[in-house]
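Listed below, chain by chain, are the residues.
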Amino acid sequence: MDFIAEINRMRKEKNAVILAHFYQTGDIQDIADYVGDSLALAQWAARTDADVIVLCGVHFMGETAKILSPGKKVLIPDRDAGCSLADSCPAGEFERFVGAHPGYRVISYVNTTAAVKALTDVVVTSTNARKIVETFPRDAKLIFGPDRNLGNYINSVTGRQMLLWDGACHVHEQFSLEKILALKKEYPEAEVIAHPECKQPILTVADFIGSTAALLKHTEQSPKTTFIVTTESGVIHEMRKRSPGKRFIPAPPNDSTCACNECGFMRLNTMEKLYLSLRDETPEITVDPAVRERAVRPILRMLELS
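As the structure is a computational prediction, the values presented were derived from the model and not from experiment. (Residues numbered from 1 in each chain as written. Predicted model: local features only at pLDDT ≥ 70, side-chain atom pairs only at ≥ 80, totals over all residues. Heavy atoms only, no water.)

Draft legend 1. Fine view of the overall build of the chain. The helix and strand tally for the chain stands at 16 helices and twelve strands. Taken over the C-alpha trace, the chain has a radius of gyration of 19 Å; the compact-globule value for 306 residues is 19 Å, and the two agree within 12%. In terms of principal-axis extent, the alpha carbons of the chain reach across some 50 × 50 × 35 Å. Burial analysis of the chain (306 residues in total) assigns 55% to the buried set. For the chain, long-range pairs separated by at least 24 residues make up 63% of all intrachain contacts whose partners lie at least 6 apart in sequence. Summed over its atoms, the accessible surface of the chain is roughly 13,000 Å², and 50% of this surface lies on carbon and sulfur atoms. The chain carries 36 positive and 39 negative side-chain charges, and their two centres are separated by 4 Å. (Helix = DSSP H or I, 4+ residues; strand = E, 2+ residues; numbered from the N terminus. Rg over C-alpha atoms; globule rule 2.2 N^0.38 Å. Buried < 20%, exposed > 50% of the residue type's maximum accessible area, 1.4 Å probe, protein only. Contact = heavy atoms within 4.5 Å. Areas by Shrake-Rupley, 256 points an atom, 1.4 Å probe, with all protein chains shown as cover. Lys, Arg positive; Asp, Glu negative; His and termini not counted. Charge placed at Lys NZ, Arg CZ, Asp CG, Glu CD.)

Draft legend 2. Focus on the pattern of salt bridges. Summed over all chains, the structure comprises 20 salt bridges. Across the pair Glu262 and Arg267 runs a salt bridge, and its minimum N-O distance is 3.4 Å. Residue classification places Glu262 among the partly exposed residues on the basis of a relative accessible area of 41%. (Salt bridge = Lys/Arg side-chain N within 4 Å of Asp/Glu carboxyl O.)

Draft legend 3. Looking closely at the pairing of strand E1 (residues 16-21). In terms of burial, E1 is largely enclosed, as six of its six residues are buried. The alternating pattern of E1 places Ala16, Ile18 and Ala20 on one face and Val17, Leu19 and His21 on the opposite face, and all of these are buried. In terms of strand pairing, E1 meets strand E3 (residues 52-56) through five bridges, oriented parallel. Across the sheet, residue Ile18 finds its bridge partner in E3, namely Val54. Inspection of the sheet shows E1 paired to strand E2 (residues 34-36) by three bridges, in the parallel sense. Each bridged residue has a counterpart across the sheet, and for Leu19 the counterpart in E2 is Tyr34. (Pairing = 2+ DSSP bridges.)

Draft legend 4. Geometry of the packing of aromatic side chains. For the coordinates displayed, the defined rule picks out six aromatic pairs. Arranged with centres 4.5 Å apart and planes meeting at 15 degrees, the rings of Tyr34 and Trp44 form a pair that is stacked. Placement of the pair is Tyr34 in strand E2 and Trp44 in helix H3 (residues 38-47), with a sequence separation of ten residues. Under the relative-accessibility criterion, Tyr34 is labelled partly exposed at 26%. For Trp44, a relative accessible area of 24% gives the class partly exposed. Ring pairing ties together the aromatic residues Phe94, Phe97 and Trp165, which thus form one cluster. (Phe/Tyr/Trp six-rings, centres within 6.5 Å; stacked < 30°, edge-to-face > 60°.)

Okay, here's the thing in structure tokens:
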């Protein structure tokens, strides 16, 4: 079956829009109406007039789209496409943690469930986390969750002492400092670029630190022609499209059998599953209306500040 032709036909018939994260496989990125990071996808979901949104990413991204567009049908190609970072912050445990620290404002990374967002004052992404944190008074008591690595990084660049939830992304936790240094010796002209979800030792050796979108923009604008890319390797597809004359080397994880670092959850989405999702209009993302009412406020606050 020609999945591309069928997907193109159905999205016109159903007034559907396909949104894809940079960590999706190249074929899904290429067929999407819009490709972006978490912030861009949230913004796009909020303004699209499509009746159906197919979110090619992970579950929390579909929830975010549904929270912002409750009247639209939101689909995800594989219901099991979860997120290790979101899973590291169960809503019940996070609620008890927040309750144990009265007087603290809560900042939650977008990589969280709708239930955690409902406990939050403002949501952030890696793109806007520093900007939003700095809108709070310097003496404000802040809880940041769930990514301890991003929280530590924001603390270091803002001089804050936010209280951090102990969660992490399994992909960004697994990069090998030893192997990155070895690549740097092999390619001394290369820039090491890293996502702030990486551990501090990785960020220490990075030449540039930024969100997925910031890394992509940097590789376009930098005079350098070789980059060691220390984030999920799916973004290299777009980097190569935008800068075809440059070289992008995926930073390896600790696992000696792998040359690049991929998110298994992101890779659960396939072209066939995208076709089936559009055809059958399943799996559909739903959010409890009471949870949605509380969760939409910190997301809208983020979009205002962004």
